[in-house]
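Remarks on the overall topology
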Amino acid sequence: MSPLDTRRATAGAGPVAGRAAARQGAAPDDYEVFCAGVARLCPIDLRRYKRAQMERRIRTHAARSGVHGLDRYLEVLRSDRAELDAFLDRITINVSSLWRSPDQWRRIADDLVPRLLASSPRGARSIKVWSAGCSIGAEAYTAAAVIRDAAGPGVRVEVLGTDIDRRILEAARRGEFQRAMVGPAPQDALRRHFEPTTDGWRASDALKRGVRFAEGDLLAGRVATAAHDLVLCRNTVIYFTPPDRDAVHARLAESLRPGGFLVVGPTERVASPAAIGLVGDGPFVYRREA
Ligand SMILES: C[S@@+](CC[C@H](N)C(=O)[O-])C[C@H]1O[C@@H](n2cnc3c(N)ncnc32)[C@H](O)[C@@H]1O
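Computed from a prediction, not measured in an experiment: that's the story for all the values here. (Residues numbered from 1 in each chain as written. Predicted model: local features only at pLDDT ≥ 70, side-chain atom pairs only at ≥ 80, totals over all residues. Heavy atoms only, no water.)

1. Notes on the sheet that holds strand β5 (residues 200-203)
If you trace the 3 strands from one edge of the open sheet to the other, you get β3-β5-β4, paired in antiparallel fashion. Looking at the sheet topology across the chains shown, the edges are occupied by β3 (176-178) and β4 (194-196). The average angle at which neighbouring strand axes cross in this sheet is 25 degrees, direction not considered. Examined bridge by bridge, β4 and β5 share 3 bridges and lie antiparallel to one another. (Pairing = 2+ DSSP bridges. Helix = DSSP H or I, 4+ residues; strand = E, 2+ residues; numbered from the N terminus. Axes fitted to C-alpha atoms, helices over the stretch in contact; angles between N-to-C directions.)

Written out as structure tokens, the structure reads:
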């Protein structure tokens, strides 16, 4: 089961409604009209992403596609499926790589995995991981490889990757990574869990068996409570508005079992950990309170 209920948030609920209310009486500008139009075409609500950078990105992309004006560009997106796909590729920002941010993987292997096994409610027989905003799957496969090696034989490692971008999940399921998508991976681990291809690496069948992918919107769902030992959410909420980022962190915390860990990106932090049942546990790591 996916930890995320992918149904859209109820109209009128949440931080977007709050901001809309604050603007009551003001006519929506062209960007707001565009965002509302896009929300009817695909499952992405652009109003919940930081406006300045998203708007700049969209206007630049539209201009490069030869269309000036968001109203005209919305018309193009309504009638041209290929352009809608190109637009979604542009705004979802899928940059990722195997062993991205190696310090974090070392911390997970040397510190978090032993502590998860010691506190496991399942008798240290399995570790359940959620890669939230998984993009091409590099984070999910790296998690499976690193945690298997750290936990040793006899521990089942199950990794679920979710992303809002249906097309990127097709790439994630293939598990193929060009050389440029491989970070500073330890060569022995890379060779143990991946097979060389002509231009990079492919996840081995054994690694793939422990990793699955599902579509899900982090901004719009309910999560399965206490379902995971470890949640990775790196380089994804940085694009959300602060209230939406905080709401996502609260959902991720809810999906952790007591003693489980949330790992955020190296430049990120949880705004108010105590308010959502988390305790800071050194750089970029938060522990779910018992
Ligand atoms: C920059 S990638 C991060 C990939 C990986 N976590 C890493 O650190 O390498 C951000 C991913 O977040 C996804 N994303 C953006 N908004 C999302 C949402 N509302 N729900 C789920 N995923 C989302 C994008 O599609 C993209 O694949």
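Alright, that's what it looks like, and here's the rest.
2. Quick look at the site of the ligand
Around the ligand sit 21 residues, and of these Y49, S96, D163, D217 and N235 come closest. One of the side-chain N or O atoms of Y49 is found 2.7 Å from a nitrogen atom in the ligand. Here L218 contributes a backbone N or O atom positioned 2.9 Å from a nitrogen atom of the ligand. Across the complex, the protein chains shield 99% of the 610 Å² of accessible surface that the ligand would expose by itself. Its residues placed into classes, the shell around the ligand shows 7 nonpolar, 8 polar and 6 charged. (Near = heavy atom within 4 Å. Polar contact = N/O pair within 3.5 Å; in protein donor to acceptor, adjacent residues only side chain to side chain. Areas by Shrake-Rupley, 256 points an atom, 1.4 Å probe, with all protein chains shown as cover. Nonpolar A, V, L, I, M, F, W, Y, C, P; charged D, E, K, R; others polar.)

3. Re the domain arrangement of the protein
According to the domain assignment, the protein contains domain 1 (14-92) and domain 2 (102-288). Between the C-alpha centres of domain 1 and domain 2 there is a distance of 30 Å. Domain 1 puts 13 residues into the contact, and the matching count from domain 2 is 12 residues. Note on domain 1 versus domain 2: buried area summed over both sides is about 1,300 Å², and carbon and sulfur give 47% of it. In this structure, the connection of domain 1 to domain 2 is made through 7 residue pairs in polar contact (both at pLDDT 80 or more). (Domains from an automatic or database assignment. Contact = heavy atoms within 4.5 Å. Buried area = accessible area lost by both parts, 1.4 Å probe.)

4. With respect to the packing of aromatic side chains
Enumeration over the complete set of coordinates arrives at 8 aromatic pairs. Relative to Y73, the ring of F34 has its centre 6.1 Å away and its plane inclined at 15 degrees; by these criteria the two rings are stacked. Of the two residues, F34 sits in helix α2 (residues 30-41) while Y73 sits in helix α4 (residues 70-79), which places them 39 residues apart along the sequence. Owing to a relative accessible area of 1%, F34 belongs among the buried residues under this scheme. (Phe/Tyr/Trp six-rings, centres within 6.5 Å; stacked < 30°, edge-to-face > 60°. Buried < 20%, exposed > 50% of the residue type's maximum accessible area, 1.4 Å probe, protein only.)

5. Observations regarding the nonpolar core
By size, the foremost hydrophobic cluster in this structure holds 89 residues, and its most contacted members are F34, L46, F87, W99, F194, L230 and L262. Examining the composition of this core, we find that 9 residues originate from one element, helix α7 (residues 138-151), more than from any other. When residues of this core are assigned to domains, at least three map to each of domain 1 (14-92) and domain 2 (102-288). (Core = buried A, V, L, I, M, F, W, Y, C linked by side-chain atoms within 4.5 Å.)

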